[in-house]
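Structure at a glance
Here is what each chain is made of, one letter per residue.
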There are 2 protein chains.
Amino acid sequence: MSDHEQAARDELARKTMPAGALGRLGALAVELAARQRTLAPRIGRVRLVVFAADHGISEAGVSAYPRAVTREMLHAFASGGAAACVLARAHDVEVEVVDVGVDVAADAVPPGIVVAKTRRGTARIDRAPAMTVAERDAAFAAGVAAVHRAGAVDAIAVGEMGIGNTTAAAALLAALTGAPSGSCVGRGTGIDDAGLARKRRAVDAALRRVAGIDEPGRLLAELGGLEIAAMTGAIAAAAAGARIVVVDGFIATVAALVAVRIDPEIRRHLVFAHRSAEAGHALALDALDAEPLLDLGLRLGEGTGAILAIPLLRAAAAVMREMATFDSAGVSDRTPA
Amino acid sequence: MSDHEQAARDELARKTMPAGALGRLGALAVELAARQRTLAPRIGRVRLVVFAADHGISEAGVSAYPRAVTREMLHAFASGGAAACVLARAHDVEVEVVDVGVDVAADAVPPGIVVAKTRRGTARIDRAPAMTVAERDAAFAAGVAAVHRAGAVDAIAVGEMGIGNTTAAAALLAALTGAPSGSCVGRGTGIDDAGLARKRRAVDAALRRVAGIDEPGRLLAELGGLEIAAMTGAIAAAAAGARIVVVDGFIATVAALVAVRIDPEIRRHLVFAHRSAEAGHALALDALDAEPLLDLGLRLGEGTGAILAIPLLRAAAAVMREMATFDSAGVSDRTPA
């Protein structure tokens, strides 16, 4: 335990409440204080970065929605009507959307969306590498750049959008953990039974293709997607800059797993926002020894779960910063046993 | 299902996301729209009312903290350093604290606390009725008056403070549901094993005393406490005024159970904020067929859990009010099967 963490625990114990009475919120308060190295932590400015990209595998009938939805959703983001935009306004969170590989010409991307793509969607991962190593590095760098653009924020939340990306994330999760593909593949946006069977076959084919590879960066290039590579870069950069990183759902958690496998030191900067209804999320969380704050049955992505957790971070920081201690308030502590 | 609820469900289905992708948040959005009878629900002004009172049974060694803490905490509330005050500031929630029976002279109550008490704490419920029927009615009326003072708020949250009140709530829960007292009695603020045994004996003695009584208002007077009676009044008044009522933890939920047993119509106005770590809460929630929004292991009371849930209500209302529809955004709906 760091000195900062010990000091934060001691301070929490002095607050006018029974030990542990704030449960997870108290633990979060200690975590934020330790990360920010202060007994007056603050989660003021927060930015959500949503990385969007398309997936070659979407041509294999693995999604309930057509590929065009990724592109169309860029417009919903640009106009502020997407779920993440609505929630971000409600909770005073900035949003930046970065196109790191949507299947649309750069000049057709709506204004307000950052364009940072080297290709328009990945290759079909059941047949070929999702992207080259150079393309992976470019997507990773796009994530790093987004964090640098954010500037002096207290927390960075990462989210994504991309038809077909639960398939890529499931393949990556299975390859990274060795878990059976069946427990990594879920219904995504709501695929039917026949589609789920196609999705499983696609993941199994991709896994056969990468058998023997275990280097996480290599698997990222092989299985994709471009937005997962970008999230990995954003998470690594935010952790390196000592920012709190708020991880959204299934796909963001898989990106966090890649980042932590590359550098375990990143783990302590991560706060997991919510438990997604998507099948593989529990497994990805277990692999990171993570217990999310919320469990609301969300399965939308876009960073929606991450935004919903931000008020809990702000509340936890306020408890550490502002709550009275037994001494300061003149409140009697526990009756001696 | 009401017309308003059906209209809200239809509107949610038009939003640019897969069906059910917002999970509990979507269901909450429908609930708020139905209660406010609009497709543009809003949770703007919110007031938490914290009812404080003492309990005769605290003299029986059922709490880890001395009785004086209830009085001392009035000062922590008055100075804004109590956990509920800190969280309320973080989440833009008004707080009113009402002393409905703290064991302190009215003129010694700190400024800023509303004084509305007919007695200084209840009688020992293992030996006598907690209060008379007239005193119960006065406490209930103090709850009603607090809601009237709140004026045009969109939601009322109810919380409490009172050393010994988990004992009263456990007795009331057991008497109302017929559940074994052992499953209703928990450690409260953290009583040790010997104290827990005393607490169980106290509850069992109280239950023997009220055997045969099943009228909820009568049980409320018999078992207390004054803050539970006041919360019951506040909940009933807020529901009657078509306000959303946000119910905090174990003790507030038991008050909600009393209110719903008196008038089942009240149930649909209630939103349950969080699942407390206190033993009997799960049972009280089951009796109300309630699934709370948060599960953070809180066991502090004061309305802290209710405040933490307010951003979720605001987010849910924003989704219904502001999120784009497939039509308005030009986003493709699901691929036809």
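In the superposition of chain A on chain B (RMSD 0.0 Å, axial shift 0.0 Å), the rotation amounts to 180°. Considering both components of the superposition, the chain copies are consistent with a two-fold axis. Both copies present the same face, since 100% of the interface residues in chain A are matched by interface residues at the equivalent positions in chain B.

Accessible area lost upon the coming together of the parts serves often as the stated size of an interface. All names here are of chain A. According to the domain assignment, chain A consists of domain 1 (3–41 + 320–329) and domain 2 (46–311). Listed per partner, the contact involves six residues of domain 1 and nine residues of domain 2. Interface area for domain 1 against domain 2, summed over the two sides, is near 720 Å², with a carbon-plus-sulfur share of 52%. At the junction of domain 1 with domain 2, the criterion picks out zero salt bridges.

Time to look at the interface of chain A and chain B. At the interface, 51 residues of chain A touch 51 residues of chain B. Between chain A and chain B lies a buried interface of about 4,300 Å² when both sides are counted; carbon and sulfur atoms form 64% of it. By the criterion of area lost to chain B, the three top residues of chain A are A:Tyr65, A:Leu296 and A:Arg334, representing 13% of everything that side buries. Scanning the region where chain A abuts chain B turns up two salt bridges. Summed over the shared surface of chain A and chain B, the number is 14 residue pairs in polar contact (both at pLDDT 80 or more). Per-element tally for the side of chain A that touches chain B: the top contributor is helix H12 (residues 304–322) of chain A, with seven residues.

On the secondary structure map, B:Ala7 appears in helix H1 (residues 3–14). In sequence terms B:Ala7 and B:Arg37 are 30 residues apart; their C-alpha atoms lie 9.5 Å from each other.

Moving on to the sheet that holds strand E1 (residues 46–53) of chain A. All names here are of chain A. Read from one edge to the other, the open sheet built from six strands follows the order E3-E2-E1-E4-E5-E6, with strand pairing classed as parallel. Pairing within the sheet leaves two strands with one partner each, and these edge strands are strand E3 (114–115) and strand E6 (270–272). Across two bridges, strand E2 (residues 94–101) lies against E3 in parallel orientation. Bridging from a neighbouring strand, Asp99 pairs with Val115 of E3. Each of E1, E2, strand E4 (155–161), strand E5 (244–247) and E6 touches helix H9 (residues 226–240); the most contacted strand, E4, lies at about 175° to it.

Among the nonpolar cores identified, the biggest contains 132 residues, and A:Leu25, A:Phe77, B:Leu25 and B:Phe77 are the most heavily contacted of them. Other than its neighbours up to four places away in sequence, A:Leu25 contacts A:Leu312, A:Ala315, A:Ala316, A:Val319, B:Leu87, B:Leu296, B:Leu298 and B:Leu308. One finds A:Ala170, A:Ala171, A:Ala238 and A:Phe250 within the second-largest nonpolar core, a separate group that totals 72 residues.

It is worth spelling out the sheet that holds strand E6 (residues 270–272) of chain B at this point. Backbone-to-backbone hydrogen bonds join strands into a sheet, with any given pair of strands oriented parallel or antiparallel. Residues and elements named next belong to chain B. Taken together, six strands build an open sheet; the order of strands is E3-E2-E1-E4-E5-E6 and the sheet is parallel. Of all the strands in the sheet, just strand E3 (114–115) and E6 have a single pairing partner and so form its edges. Together, strand E1 (46–53), strand E2 (94–101), strand E4 (155–161), strand E5 (244–247) and E6 form the strand contacts of helix H10 (residues 226–240), whose direction differs from that of E4 by roughly 175°. Packed on one face of the sheet, helix H11 (residues 250–262) meets E4, E5 and E6 and runs near 155° to E6.

Residue and element names in this part refer to chain A. The end-to-end C-alpha separation of helix H5 (residues 133–150) is 26 Å, in line with the 26 Å expected for 18 residues at 1.5 Å each. Buried within H5 are the following residues: Glu135, Arg136, Ala139, Ala142, Gly143, Ala146, Val147 and Ala150. The buried residues of H5 occupy an angular sector of 135° when projected down its axis, which confines them to one face. In H5, the exposed positions that point more than 90 degrees away from the buried face belong to Ala134 and His148. Positive phi appears at Gly151, one or two residues downstream of H5, with a value of about 70°.

Further remarks concern helix H4 (residues 83–90) of chain A. Residue and element names in this part refer to chain A. Counting buried residues in H4 gives six out of eight residues, a clear majority hidden from the surface. What H4 keeps buried is the set Ala83, Ala84, Cys85, Val86, Leu87 and Ala88. One or two residues past the end of H4 sits Asp92, with phi positive at roughly 55°.

Reading the values: rules and limits
Residue indices begin from 1 for each chain and proceed along its sequence in written order. In the order they appear in the text, chains get letters beginning with A and ligands get numbers beginning with 1. In view of the model being predicted, local features appear only for residues whose pLDDT reaches at least 70, and side-chain atom pairs are presented and counted only at 80 or more, with totals across whole chains, interfaces and linings using the full set of residues. Note that the side-chain values use all heavy atoms of the structure and ignore hydrogens as well as water. When the copies are superposed, the least-squares fit takes in the C-alpha atoms of residues with a pLDDT of at least 70 in both. We call two residues contacting when some pair of their heavy atoms lies within 4.5 Å. Where each domain begins and ends is defined by an automated method or by a domain database. Buried area, as used here, totals the accessible surface that two parts lose on assembly, with accessibility defined by a 1.4 Å probe and the loss added over both. A pair is scored as a salt bridge if a Lys or Arg side-chain nitrogen falls within 4 Å of a carboxyl oxygen belonging to Asp or Glu. We call two N or O atoms a polar contact when they sit within 3.5 Å, provided that within protein one can donate a hydrogen and the other can accept it, with sequence-adjacent residues counted only if both atoms are side-chain atoms. Numbering of helices and strands starts at the N terminus; helices are DSSP runs of H or I of at least 4 residues and strands are runs of E of at least 2. Two strands make a pair as long as DSSP finds a minimum of two bridges between them. A fitted line through C-alpha atoms serves as each axis, taken over the contacting stretch for helices, and the angle formed by two N-to-C directions is quoted from 0 to 180°. In plain words, nonpolar cores are sets of buried Ala, Val, Leu, Ile, Met, Phe, Trp, Tyr and Cys residues tied together by side-chain atoms within 4.5 Å. Accessibility here uses a 1.4 Å probe with only protein chains present; expressed as a share of the type maximum, an area under 20% marks a residue as buried, one over 50% as exposed, and anything in between as partly exposed. To estimate the expected span of a helix, subtract one from its residue number and multiply by 1.5 Å. Each direction from the helix axis to a C-beta atom contributes to the arc, which is the arc of those directions.

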